Amino acid sequence: MGEAPSFFYFSTMSQNSLRFGIHDFLNTQPLIKQVLPRWEKEGFSIVVDVPSALADRLKDGQLDLAMIPAVEYLREAANYRLVPGVCIASRGDVGTVLLLSKVAPEKIRSIALDHRSRTSVALLKILFPLDKSVQFESTTPQPGEMLSRHDAALIIGDRALEYRPGSHIHVFDLSREWFDRTGKTFVHAVVAVRQEVVLKKNQLNFILNVRREAVDHIDAVVEDYVKETGRDAGICEDYLKNKIIYNLGEQEMEGLNLFHSFCIEHGIILSKDEILLL
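Residues numbered from 1 in each chain as written. Predicted model: local features only at pLDDT ≥ 70, side-chain atom pairs only at ≥ 80, totals over all residues. Heavy atoms only, no water.

Trainee: Talk me through the nonpolar core; I want residue IDs and the actual numbers.
Mentor: Counting 87 residues, the largest nonpolar core has Trp39, Tyr73 and Phe259 as the members making the most contacts within it. In this structure, Tyr73 is in contact with Ile68, Tyr80, Leu82, Val190, Ala192, Ile275 and Leu276, ignoring residues within four places of it in sequence. Listed in part, the 10 residues of the second largest apolar core include Leu98, Met146, Ala153 and Ile169. (Core = buried A, V, L, I, M, F, W, Y, C linked by side-chain atoms within 4.5 Å. Buried < 20%, exposed > 50% of the residue type's maximum accessible area, 1.4 Å probe, protein only. Contact = heavy atoms within 4.5 Å.)

Next comes the structure, spelled out in structure tokens:
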């Protein structure tokens, strides 16, 4: 459940179905795992991949809509429309976007980056004034190996939630760092639709209903996840029930707009295109 094989179809494709890309981290399971047959009935084919790959495939036209890193939506906002009312967000500690460091932040000279994410990389550069000489390496998320070669490591998703660092490792939860400095919700991922794609009203309503029902599926998701991974059920339940926000509401839009402004300020995004909702 934590590691998706590269770009596979999770449901049966049909000629007229919309290709909906989504990652398979724990935080998306309440949206898909318990209601997969309903997705198919409403005209969607679920395609699973890591967040960074979903962004590339949506941009290349291999997907019609997808849950992608917020920074990738903002980069392509002129070409996408945003599905309202659904996202992956957090306020304060989240536990799945972590900077691990063997040294104080100001002494970091090299960082291994989890290749699956892009929003967290942008957030790292916004939150920490790293020296221009700092070296980055995009790699597979193996914390021990990453830290053996670099001063610090940035990891996301279930791998971060499961990691238990030694006492010599500094741990920075980037969601907490963002909230402490801005007082705003941080939006990690959004659902973006290509401009030319027609999302029918009933399909949009279905997505919003699935989001509203997500909390009803958490207990079943946690039970399955614990059986598959042996992880602590209490940690998983707390994460899904108390740390993840699925609603893209007013507070989430405020946080997304502020992140957009910081991305422009730091040269991460070159143009500030208007955020257009469906």
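Trainee: Summarise the pattern of salt bridges; cite the residues concerned and give the values.
Mentor: Under the counting rule described, the total for this entry stands at 20 salt bridges. Between Lys184 and Glu254 there is a salt bridge; the shortest N-O distance is 3.3 Å. Linking Lys184 in the loop between helix H8 (174-182) and strand S11 (186-194) with Glu254 in helix H12 (residues 250-265), this pair joins segments that are 70 residues apart in sequence. The class of Glu254 is partly exposed, set by a relative accessible area of 35%. For Lys241, the salt bridge is made with Glu237, and the minimal N-O distance between the two is 2.8 Å. Here Lys241 pairs with Glu237, and both are found in helix H11 (residues 233-243), just 4 residues apart, close to one helical turn. By relative accessible area, Lys241 is classed as partly exposed at 38%. When salt bridges that share partners are traced, they join Asp56, Glu72, Arg75 and Arg118 into one network. (Salt bridge = Lys/Arg side-chain N within 4 Å of Asp/Glu carboxyl O. Helix = DSSP H or I, 4+ residues; strand = E, 2+ residues; numbered from the N terminus.)

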